[in-house]
Amino acid sequence: MKFSIVITTYNRVSLLRRAVDSAINQTIPCEVIVADDCSTDDTQVYVESLGDRVIYHRNQVNQGHAATVNAGVKQASGEWIKFLDDDDYLADNCIEEMAKAIAFCPSAVICSCVAAQVNEHEVELSRTPQLGHGLAFSVPQADIHYGMLLELLPFGTPVQVACSRDAFCKTGGWDSQLDANCDDIDSWLRIVQFGDAIFLNQCLAYRTIWPGAYNHKFAVSKRLDTNILIKEKIYPLVHKNHHNHLPKMEDIKKYLILHWAFVALKQKNFVVFLRMFYQSAFSLMVWKILLTIIFCRNLHFQNKLITKSVLYY
């Protein structure tokens, strides 16, 4: 099984070096591709200095994050694609551990893992939640969209996720209209229409939380609107097995408003917090959804442990 690591970058060569090092230094050989969105700094000089250790693609004009991901994947020859933004980086054994788990679940089209959020100095701030108590789980396709809708499946940002190149290509790639604002989640929900998922309860990826991150360009209200759009796309894809306990879409929208109200509060944007809070906080169903997500995240999808993978750990 061959992996291609696709690193997207734009005018951040100082950060790119760390991402590239983490890809080149994987414990199993990988194809490494740098997809450059027409940087004007020293990115091209740096990448070309690496010689044949890296495949370099440069957009002729600036096209945005989603289009650059698509361009990078077009250069890839691996059966699986590992996504990586230039400000994030991988554990040395990330690809090896993903490959082991995928080998035991040939029906999988997407694989995710625990990620640590770190600051500019690589100090860990938090971690994404584990899925249950095992080491590696497969999640049947019939359960995936329900898990994504209620945020019980922690597929996350590109640094956490790898996918089948074939499934990626069948979806048509990332949507540039969502550029850097849920374009990744939109891709995952379409990819999983073609197979099962795997989640590894190992911290194999590091996401940098800093003011220069792409998604910091967007106001809370914009991120809320896109979040609602994504949930509206997921909702009709939820398998019939979950219809009898599926919240109404209107209640999910109110839950999202409450969620982003707390984000606004964390950002000390009190006007936006109060406006959103009063739109959503007086619904009992909203709080029920919130409690379900908080308390059931580690219980809901303990589906089928890939037991043979325990031999490796």
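In case you missed it, the structure is sitting above this.
This section reports on the structure supplied with the text. Every chain's residues receive numbers from 1 upward, in the order its sequence appears when written. Confidence filtering applies because this is a predicted model: local features only for residues at pLDDT of at least 70, side-chain atom pairs given and counted only at 80 or more, and all residues used for totals across whole chains, interfaces and linings. Hydrogens are left out, water is left out, and the side-chain values use all remaining heavy atoms of the structure.

### Comments concerning the pattern of salt bridges
So, step 1. Salt bridge criterion: a side-chain nitrogen from Lys or Arg within 4 Å of a carboxyl oxygen from Asp or Glu. Taken as a whole and assessed by the stated rule, the structure comprises 13 salt bridges.
So, step 2. The network of salt bridges with common partners includes Arg 12, Asp 86 and Asp 87.

### Focus on the nonpolar core
So, step 1. Of all hydrophobic cores here, the largest spans 63 residues; its most connected members are Phe 83, Ile 110, Phe 155 and Trp 188.
So, step 2. Helix and strand assignments come from DSSP, with helices taken as H or I runs of at least 4 residues and strands as E runs of at least 2, each series counted from the N terminus. No other element matches the nine residues that helix α9 (residues 249-266) contributes to this core.
So, step 3. Any pair of residues with heavy atoms lying within 4.5 Å of one another is described as a contacting pair. Those residues in contact with Ile 110, other than ones at most four positions away along the chain, are Trp 80, Phe 155, Val 161, Ala 162, Cys 163, Trp 188, Ile 191, Val 192, Asp 196, Ala 197 and Ile 198.
So, step 4. For the purposes of this section, nonpolar cores are sets of buried Ala, Val, Leu, Ile, Met, Phe, Trp, Tyr and Cys residues that join through side-chain atoms within 4.5 Å. Only protein chains enter the accessibility calculation, which uses a 1.4 Å probe; a residue whose area is less than 20% of its type maximum is buried, one above 50% is exposed, and one in between is partly exposed. Core analysis: the second largest hydrophobic core is formed by 35 residues, Leu 16, Val 32, Trp 80 and Val 159 among them.

### Observations regarding the environment of Gln 202
So, step 1. One can find Gln 202 in strand β10 (residues 196-208).
So, step 2. Classification of Gln 202 as buried rests on a relative accessible area of 17%.
So, step 3. Taking the C-alpha atoms as reference points, Gln 202 and Ala 136, separated by 66 residues in sequence, lie 8.4 Å from one another.
So, step 4. N or O atoms closer than or at 3.5 Å make up a polar contact, with two conditions inside protein: a donor-capable atom paired with an acceptor-capable one, and, for residues adjacent in sequence, both atoms drawn from side chains. At 3.4 Å, the side chain of Gln 202 forms a polar contact with the side chain of Glu 97.

### Remarks on a nonpolar patch on the surface
So, step 1. Only residues whose relative accessible area exceeds 30% and that take part in no salt bridge are eligible for patches, with like-charged residues grouped when within 9 Å of each other and nonpolar side chains (Val, Leu, Ile, Met, Phe, Trp, Tyr) grouped when within 5 Å. Computed with a 1.4 Å probe, the accessible areas rest on the Shrake-Rupley method; for each residue, only the protein chains presented here act as cover. Together, Phe 262, Leu 265, Phe 270 and Trp 287 line one region of the surface with nonpolar side chains, adding up to about 360 Å² of accessible area.
So, step 2. Tracing the backbone shows Phe 262 in helix α9.
So, step 3. With a relative accessible area of 36%, Phe 262 lands in the partly exposed category.

### Considering the packing of α9 against helix α10 (residues 270-280)
So, step 1. Close contact between α9 and α10 brings their axes to 8 Å; oriented N to C, the two are set at 155°. Judged by the angle between their axes, α9 and α10 are roughly antiparallel. Here the hand of the crossing between α9 and α10 comes out left-handed. Packed against α9, whose contacting residues are Lys 254, Ile 257, Leu 258, Trp 260, Ala 261, Phe 262, Ala 264 and Leu 265, the element α10 presents Phe 270, Val 272, Phe 273, Met 276, Phe 277, Gln 279 and Ser 280 at the interface.
So, step 2. Classifying every residue of the contact of α9 with α10 gives 12 nonpolar, two polar and one charged. Each axis is a line fitted through C-alpha atoms, and for a helix only the stretch in contact is used; angles between axes span 0 to 180 degrees, taken between their N-to-C directions. For classification purposes, an angle smaller than 35 degrees is called roughly parallel, one larger than 145 roughly antiparallel, one from 65 to 115 roughly perpendicular, and anything else oblique. Each crossing gets its handedness from the near helix: less than a right angle anticlockwise from the far helix is left-handed, clockwise is right-handed. Note on residue categories: nonpolar means Ala, Val, Leu, Ile, Met, Phe, Trp, Tyr, Cys or Pro, charged means Asp, Glu, Lys or Arg, and polar means any other residue, Gly included.

### Brief notes about the environment of Ala 219
So, step 1. Along the chain, the position of Ala 219 falls in the loop between β10 and α8 (220-234).
So, step 2. Considered as a pair, Ala 219 and Ala 264 are 45 residues apart in the sequence and their alpha carbons are 9.3 Å apart.

### Things to note about the packing of aromatic side chains
So, step 1. Stacked, tilted and edge-to-face are the three classes assigned to paired rings of Phe, Tyr and Trp, where Trp is represented by its six-membered ring and a pair needs centres within 6.5 Å; plane angles under 30 degrees give stacked, over 60 edge-to-face, the rest tilted. Inspection of the entire model under this criterion finds 11 aromatic pairs.
So, step 2. Judged by centre distance (5.8 Å) and plane angle (80°), the rings of Trp 174 and Trp 188 are edge-to-face. Within this pair, whereas Trp 174 is found in the loop between α6 (165-171) and α7 (183-191), its partner Trp 188 is found in helix α7, the two being separated by 14 residues in sequence. No difference in accessibility class separates Trp 174 from Trp 188, as the two residues are buried.

### Notes on the environment of Leu 152
So, step 1. Among the structural elements, Leu 152 can be located in the loop between α5 (141-149) and β9 (162-164).
So, step 2. A relative accessible area of 0% places Leu 152 in the buried class.
So, step 3. Along the chain, Leu 152 and Cys 203 lie 51 residues apart, while their C-alpha atoms are 18 Å from each other.

### Description of α9
So, step 1. Here the expected length of a helix is defined as 1.5 Å per residue gap, with one fewer gap than residues. An ideal rise of 1.5 Å per residue puts 26 Å on 18 residues; α9 measures up with 26 Å between its terminal C-alpha atoms.
So, step 2. Buried residues of α9: Met 249, Asp 251, Ile 252, Tyr 255, Leu 256, Ile 257, Leu 258, Trp 260, Ala 261 and Ala 264, and no others.
So, step 3. Backbone geometry just downstream of α9 places Lys 268 in the positive-phi region, at approximately 65°.

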